[in-house]
Amino acid sequence: MRDRWPLLWLALHRRRRMLIALVLGMVVFEALIVVVANTIAPGQLFSAGGKGPPSAYRAFSGSGGDVSIASYPGLLGAGLVHPFWIAMQLTAIGSLAAAAVAADVESGTVELVMVRPVSRSRLLAERAAALGIVVLALNAAATVTVAAGVWLSPDIHRAVPLSGVFAAGVMGCGFALCVAGPALAVSAWGRRRAQVVGVTIVIGAVGFAVNFIALAWSAVAPLRFVSPFHYYTPGDALARGQVLWPQLGVLVGVGVLGLLWGHALLLRRDLAP
């Protein structure tokens, strides 16, 4: 099988230590979130002075506004939109997307890769598949960890169905695809790894900031529609116990369009360094 898809396995092999560290980090972090939720009731955690959390905190609960962070779905959802969770996702996406095409163009090794011969479509497809495997592993690690914690805690399980945990995991995969598609397009077009990493950070980190500002300040509320975090709402999925298909459709649609755009750019571009 490795002889059949050499570029896919090579991409995974080169970054195996980083990927193992990211998966283990994801497991430890989500386990910590579950421990916190099981130790201190969310209502007590965010009720200092008798006041509930500000409405803007719904951005940190992974909700469009229906789920408060001072609840089990909100607190667990916070673990799936936390800056640490975002950083691990962006690290994996930025690293593998940059290596898809731009890294070989920057280092001047792309001609050696293509000499097998390997078609441009196959080059992008195998490296996009490697990226897909990585983000699937990261989201699976987070989902299984949270699911185990919910199953082992009767109090949390009464408020959060296991179907909601797996629905949130599916939404997480949709978010990763939403970021990965445009990142791969930039890799197919650009000549520097920094360009790909920069776009990945803008979509992920800046997108979260834009969504938070839009939720906190009604004057700029329409800005939330340009952020992937308006559509990636694990807190709502946890509370409802189901995948939010319209939002997932937007996330997946952006990712697929980005990948198709990258393919079109790669077929037309000059790969000379």
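Residues numbered from 1 in each chain as written. Predicted model: local features only at pLDDT ≥ 70, side-chain atom pairs only at ≥ 80, totals over all residues. Heavy atoms only, no water.

### Points about helix H2 (residues 16–39)
The terminal C-alpha atoms of H2 lie 35 Å apart, and with 24 residues this matches the ideal 34 Å at 1.5 Å per residue to within 8%. At its buried positions, H2 is contacted by helix H1 (6–14), helix H4 (72–78), helix H5 (83–100), helix H8 (120–152) and helix H9 (154–159). (Helix = DSSP H or I, 4+ residues; strand = E, 2+ residues; numbered from the N terminus. Expected span 1.5 Å × (residues − 1). Contact = heavy atoms within 4.5 Å.)

### Observations concerning the nonpolar core
Residues Leu76, Trp85, Ile93, Leu131, Val160 and Tyr232 are the most contacted members of the largest nonpolar core, which totals 75 residues. Those residues in contact with Tyr232, other than ones at most four positions away along the chain, are Leu80, Val81, Trp85, Ala168, Met171, Gly172, Phe175 and Leu251. (Core = buried A, V, L, I, M, F, W, Y, C linked by side-chain atoms within 4.5 Å. Buried < 20%, exposed > 50% of the residue type's maximum accessible area, 1.4 Å probe, protein only.)

### So, the side chain of Ser227
Looking at the element boundaries, Ser227 is found in the loop between helix H11 (193–216) and helix H12 (234–240). Overall, the relative accessible area of 1% leaves Ser227 in the buried class.

### Quick notes on empty space enclosed by the protein
Following the criterion strictly, the structure yields two cavities of 30 Å³ or more and no others. Volume-wise, the largest cavity comes out at about 60 Å³. As for the largest cavity, its lining consists of Leu80, Trp85, Asn139, Ala142, Thr143, Val146, Val165, Ala168, Gly169, Gly172 and Tyr232. Every element with two or more residues in the lining of the largest cavity is listed here: H8 and helix H10 (162–189). Looking at the lining of the largest cavity residue by residue, the classes come out as seven nonpolar, four polar and no charged. Each pocket or cavity is described by its volume, and for the second largest cavity that value is around 40 Å³. (1 Å grid on protein atoms, 1.4 Å probe; cavity = no way out; pocket = protein on both sides within 12 Å on 5 of 7 lines; lining within 4 Å. Points joined across faces, edges and corners; volume = space filled by probe spheres on them. Nonpolar A, V, L, I, M, F, W, Y, C, P; charged D, E, K, R; others polar.)

### A few points about the packing of H5 against H10
One way to put it is that H5 packs onto H10 with a least axis distance of 9 Å and a crossing angle of 35 degrees. Seen along the crossing, H5 lies across H10 with a hand that is right-handed. Along its contact with H5, which presents Trp85, Gln89, Leu90, Ile93, Ala97, Ala98 and Ala100, the element H10 presents Gly172, Phe175, Ala176, Val179, Ala180, Ala183, Leu184 and Ser187. Each residue belonging to the contact of H5 with H10 can be placed in one class, and the counts come to twelve nonpolar, three polar and no charged. (Axes fitted to C-alpha atoms, helices over the stretch in contact; angles between N-to-C directions. Left-handed = near helix turned anticlockwise from the far one by under 90°.)

### Some remarks on the pattern of salt bridges
Applying the stated rule across the entire model yields four salt bridges. In this structure, Arg193 engages Glu106 in a salt bridge whose closest nitrogen and oxygen atoms are separated by 3.1 Å. With Arg193 in helix H11 and Glu106 in helix H6 (residues 102–107), this pair connects stretches of sequence that are 87 residues apart. Judged by relative accessible area, which is 33%, Glu106 ranks as partly exposed. Put simply, Arg158 and Asp155 hold a salt bridge, and the shortest N to O gap is 2.3 Å. (Salt bridge = Lys/Arg side-chain N within 4 Å of Asp/Glu carboxyl O.)

### Things to note about the environment of Val165
If you trace the backbone, Val165 turns up in helix H10. Along the primary structure Val165 and Leu8 are separated by 157 residues, whereas in three dimensions their C-alpha atoms are 30 Å apart. Setting aside its immediate chain neighbours within four residues, Val165 contacts Thr143, Val146, Ala147, Val150, Val160 and Leu238.

### Considerations on the packing of H1 against H8
For the pair H1 and H8, the least separation of the axes is 8 Å and the interaxial angle reads 45 degrees. With respect to each other, H1 and H8 are oriented oblique. Like other packed secondary-structure pairs, H1 and H8 cross with a definite hand, here right-handed. Residues Pro6, Leu7, Leu8, Ala11 and Leu12 of H1 touch H8, and the partners they reach there are Arg122, Leu123, Glu126, Arg127, Ala129, Ala130, Ile133 and Val134. Its residues assigned to classes, the contact of H1 with H8 comprises ten nonpolar, no polar and three charged. (Parallel < 35°, antiparallel > 145°, perpendicular 65-115°, else oblique.)

### What about the packing of aromatic side chains?
Counted according to the given criterion, the structure contains nine aromatic pairs. Relative to Phe229, the ring of Phe175 has its centre 4.9 Å away and its plane inclined at 45 degrees; by these criteria the two rings are tilted. Here the residue Phe175 occupies a position in helix H10, and Phe229 occupies one in the loop between H11 and H12, the gap between them amounting to 54 residues. Taken individually, Phe175 and Phe229 each receive the classification buried, so the pair is uniform in this respect. Following the ring pairs from residue to residue traces out a cluster consisting of Phe60, Trp85, Phe175, Phe208, Phe212, Phe229 and Tyr232. (Phe/Tyr/Trp six-rings, centres within 6.5 Å; stacked < 30°, edge-to-face > 60°.)

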